[in-house]
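# Summary of the model geometry
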Amino acid sequence: MTHPDPTIQDEAKRLRAELDDANHRYYVLDEPRLTDADYDRKLRRLQEIEAEHPELVTPDSPTQRVGAAPADGFPEIEHAVPMLSLDNAFDEEELAAFVKRVADRLEVDGESLAFCCEPKLDGAAVSLVYEHGALVAGVTRGDGRTGEGITSNLKTLKSIPLKLRGREWPDLLEVRGEVTMRHADFEAMNDKAREEGGKVFANPRNAAAGSLRQLDPRITDKRPLEFSAYQAARIEPDAGDASHSALMARLREFGFRTSAELQVVHGAEGVIEYCRTLGEKRDSLGYDIDGVVIKVDDLRLQRELGFVARAPRWAIAFKFPAQEQTTRLNDVEFQVGRTGAITPVARLEPVSVAGVTVSNATLHNADEIDRLGVMIGDTVAIRRAGDVIPQVVRVQEEYRPDDARQIVFPERCPVCDSQIERLEDEAVARCSGGLYCAAQRKEALKHFASRRALDIEGLGEKLIDQLVELDWIQTPADLFALEAERLATLPRMGEKSSQNLVAALEKAKATTLPRFIFALGIREVGEATAANLARHFGTLEALMEAGRDALEKVEDVGPIVAAHVHTFFQQPHNRETIQALIDAGLRWEETEVEAGPTPLEGQTWVLTGTMESMTRDEGKARLQALGAKVAGSVSKKTACLVAGEAAGSKLTRAEQLGVEVIDESTFLERLEAWEKGDAQNG
Ligand SMILES: NC(=O)c1ccc[n+]([C@@H]2O[C@H](COP(=O)([O-])OP(=O)(O)OC[C@H]3O[C@@H](n4cnc5c(N)ncnc54)[C@H](O)[C@@H]3O)[C@@H](O)[C@H]2O)c1
Ligand SMILES: [Zn+2]
């Protein structure tokens, strides 16, 4: 026996303390401070030391235990069969070594040995006990021997059968599996928490574990959790299944979800091939996996192999590269999105995360920067999973350099210098530049030209991108200065299509006030609101001068929309753009809108069924522009239905109510007649 020198003893002691602390944060608080890779490195180092100096092994060493002791607040429940951890393999060599080890021990041929492979779901392990087909207990893994009784919480999961399906239940069944959260659900839940100041989780695993350990099951019920079974720990009486894969099929019959990726393969080659293939699929699965679990498929052989201290000998976890890494935050830039939303983007020291080099990560918004307490120069943990944008999840404050700098959220748009506005109840700050802002210009132009706005035929998305990239178009007003000759020099633009576009632009100049207001792309001003604004104010000038109070008097306009409209028209750039459009020849009949009473004043309309020629919103906007109220259901006798094929059942009821029912073409005819000012046709 070698005598460990004091520095090794110290190192072991320090590692144990660090790992104990990490376990507590990870398993009890669901708020890890170390990345898994750092944790795994420290654990491996401790294992190395202990292997070399067995006299240093203490019974409570993190190498000898799994998980952490149950937290207060839940009943402690002892597992009849311990819930262990798994040994790890970090590369293909270690996988081959595992197959050889197993085969040697069993004295069989490794090449033909069957292994059942499944994704290693990255969530929280739980055990479910069924007596005579009914769920009686649900328990967390805890420290492997004792877990937390969370039965009421687990009962809220739709994927956990409260009663087994079928008729042939065993007297006793204990099923084990993983509770997980899908990427999309996780992101949505975190987004909501960011908005409402709730708890934001670092990753789906922490979110799943944290959601399961809520003292109030109603909270768990609101969390998008799924259970997937991967083991039957006890079946009494034993049904005599020969293999793990056969048992999984039985669990499916009982009503459990098992992995769709589950597959039986043979020998080291089969195992390695499976791991490679799943590794390639990892990013497209939509949920987190941190590797592959490989199990000897034959249950008799499993029993023969048995267990070591904290893991079975018959299984191994092949670990994929970690989805969290630490790196340095070099700078923060502010990007302007389609709706003007300003997103702080962290510029990172490039780092490889699960096989992809990451140099940018989102910081979401100003509140998120506060929540993380992040500064420029900090060492941060970032996470990249699937096709979700990489995010900064944590700051390692202990590494903060002396020259770390505060992140200052800009007050003006970095692209167009317009004022950035942030409404009190919104988490997102936005550039108020609208059409003027280059970053928003492409999307705004697409909206401006769209069918329900100015309806410019032949001005497609690709062409708009080109025009903006060439800098031919600064504001929508520039569209009307385009000449056919110049357009014809663009790739894929012939002489004919150039002329057609110029003609379409000319035609689009004659529009309506509601269409014009809608085309401006003011936030939250859709067709119906645009129509209401036009009808209420009558002229563009009156609308542009309206204060918030006046705006709030408009039908369907609340404080938020009023603020958007007001801010938009206060921006000098927007006023200039509007003037330029008018100078370019845009016009509409103001008197018609101004004059009341409008043809349908006092009428209530109901739109039902589907229309081919327009959307329901469009129909609603056009009716409202004519002074009609558009209701959601059939109530008034003056109601008229626009009937599509889908509306069959409602039609008879409407007829019973004594309202007139018209089909789509009649509706269109009348609408157009009214819009021409011929109220008699109604
Ligand atoms: N960041 C930290 O501070 C910190 C702290 C503690 C642990 N950890 C991480 O936790 C992991 C170790 O935790 P562990 O001991 O729970 O081991 P593990 O999670 O690596 O493996 C065992 C677990 O795998 C799960 N599993 C998923 N799919 C499975 C399947 N198909 N079949 C069988 N089991 C399946 C089970 O829940 C089982 O409990 C490491 O990755 C470590 O990095 C991190
Ligand atoms: Zn801007």
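Residues numbered from 1 in each chain as written. Chains lettered and ligands numbered in written order. Predicted model: local features only at pLDDT ≥ 70, side-chain atom pairs only at ≥ 80, totals over all residues. Heavy atoms only, no water.

Per an unreviewed UniProt entry, the protein chain goes by DNA ligase and derives from Halomonas caseinilytica. The Sequence similarities (unreviewed entry) comment attached to the protein chain in UniProt states, word for word, "Belongs to the NAD-dependent DNA ligase family. LigA subfamily." (UniProt positions renumbered as here; feature names shortened; annotations may be inferred.)

In this section: the coordination of the zinc ion (ligand 2). Every protein donor of the zinc ion (ligand 2) is listed here as Cys 413 (SG), Cys 416 (SG), Cys 431 (SG) and Cys 437 (SG), and their distances to the metal cover 2.2 to 2.4 Å. Here the zinc ion (ligand 2) binds four donor atoms, and the angle range of 97 to 119° at the metal identifies the geometry as tetrahedral. By relative accessible area, Cys 431 is classed as buried at 5%. (Donors = N, O, S within 2.8 Å, 3.2 Å for Na, K, Ca; no water. Tetrahedral: all angles 85-135°; square planar, octahedral: opposite > 155°, others 65-115°. Buried < 20%, exposed > 50% of the residue type's maximum accessible area, 1.4 Å probe, protein only.)

It is worth spelling out the UniProt feature "binding site: NAD(+)" (unreviewed entry) in the protein chain at this point. As annotated by UniProt and renumbered to match this structure, "binding site: NAD(+)" (unreviewed entry) occupies Asp 36, Ala 37, Asp 38, Tyr 39, Asp 40, Ser 85, Leu 86, Glu 118, Arg 141, Glu 178, Lys 295 and Lys 319. The greatest C-alpha distance among the residues just named is 26.4 Å, and with 284 residues of sequence between them they are spread in space as well. By the element assignment, Glu 118 lies in strand β3 (residues 114–121). Judged by its relative accessible area of 3%, Glu 118 is buried. When residues no more than four places from it in sequence are discounted, the contact partners of Glu 118 are Tyr 230, His 244, Leu 262, Tyr 274, Gly 291, Val 292, Val 293 and Lys 295. When you line up the elements, Lys 295 lands in strand β10 (residues 289–296). With relative accessibility at 6%, the residue Lys 295 sits in the buried group. With residues up to four places along the chain from it excluded, the contact list for Lys 295 reads Ala 114, Phe 115, Cys 116, Glu 118, Tyr 230, His 244, Gln 302, Trp 314 and Ala 315. (Helix = DSSP H or I, 4+ residues; strand = E, 2+ residues; numbered from the N terminus. Contact = heavy atoms within 4.5 Å.)

Given a rise of 1.5 Å per residue, 23 residues ought to cover 33 Å, and the 32 Å separating the end C-alpha atoms of helix α1 (residues 6–28) matches this to within 8%. Inspection of α1 places Ile 8, Glu 11, Ala 12, Leu 15, Arg 16, Leu 19, Ala 22, Asn 23, Arg 25, Tyr 26 and Val 28 among the buried residues, and these make up the whole buried set. Residues of α1 that are buried make contact with α2 (36–52) and α6 (204–212). One or two residues past the end of α1 sits Asp 30, with phi positive at roughly 55°. (Expected span 1.5 Å × (residues − 1).)

Moving on, we come to the sheet that holds strand β8 (residues 226–236). Pairing between the strands of a sheet is mediated by backbone hydrogen bonds and can be parallel or antiparallel. Strands sit in the order β5-β4-β7-β8 across an open sheet of four strands; the sheet is antiparallel. Taken across any chain shown, the strands that pair with only one partner, and hence form the sheet edges, are β5 (134–140) and β8. Taken pair by pair, the neighbouring strands of this sheet meet at an average axis angle of 25°, ignoring direction. In the sheet, strand β4 (residues 124–131) pairs with β5 via six bridges, with the strands oriented antiparallel. (Pairing = 2+ DSSP bridges. Axes fitted to C-alpha atoms, helices over the stretch in contact; angles between N-to-C directions.)

The next point concerns the nonpolar core. Grouped together as the largest cluster of nonpolar side chains are 52 residues, with contacts concentrated most on Ile 456, Leu 467, Leu 479 and Leu 533. Mapped by element, the contributors of at least two residues to this core are α12 (438–449), α13 (461–469), α15 (495–508), α16 (513–519), α17 (527–537), α18 (540–545), α20 (559–570) and α21 (572–584). If we ignore the near neighbours within four places in the chain, the residues touching Leu 467 are Leu 459, Trp 472, Ile 473, Leu 479, Leu 482, Leu 487 and Leu 490. (Core = buried A, V, L, I, M, F, W, Y, C linked by side-chain atoms within 4.5 Å.)

Asp 40, Ser 85, Arg 141, Glu 178 and Lys 319 are the nearest of the 25 residues found near ligand 1. A distance of 2.8 Å separates an oxygen atom of ligand 1 from a polar side-chain atom of Ser 85. One nitrogen or oxygen atom from the side chain of Lys 319 is found 2.6 Å from an oxygen atom belonging to ligand 1. Burial of ligand 1 by the surrounding chains reaches 93%, relative to a free accessible area of 830 Å². Taken together, the elements giving at least two residues each to the shell around ligand 1 come down to α1, α2, β3 and β10. Classifying every residue of the shell around ligand 1 gives 13 nonpolar, three polar and nine charged. Split by domain, the shell around ligand 1 shows at least three residues from each of two domains, domain 1 (6–64) and domain 2 (88–319). (Near = heavy atom within 4 Å. Polar contact = N/O pair within 3.5 Å; in protein donor to acceptor, adjacent residues only side chain to side chain. Areas by Shrake-Rupley, 256 points an atom, 1.4 Å probe, with all protein chains shown as cover. Nonpolar A, V, L, I, M, F, W, Y, C, P; charged D, E, K, R; others polar. Domains from an automatic or database assignment.)

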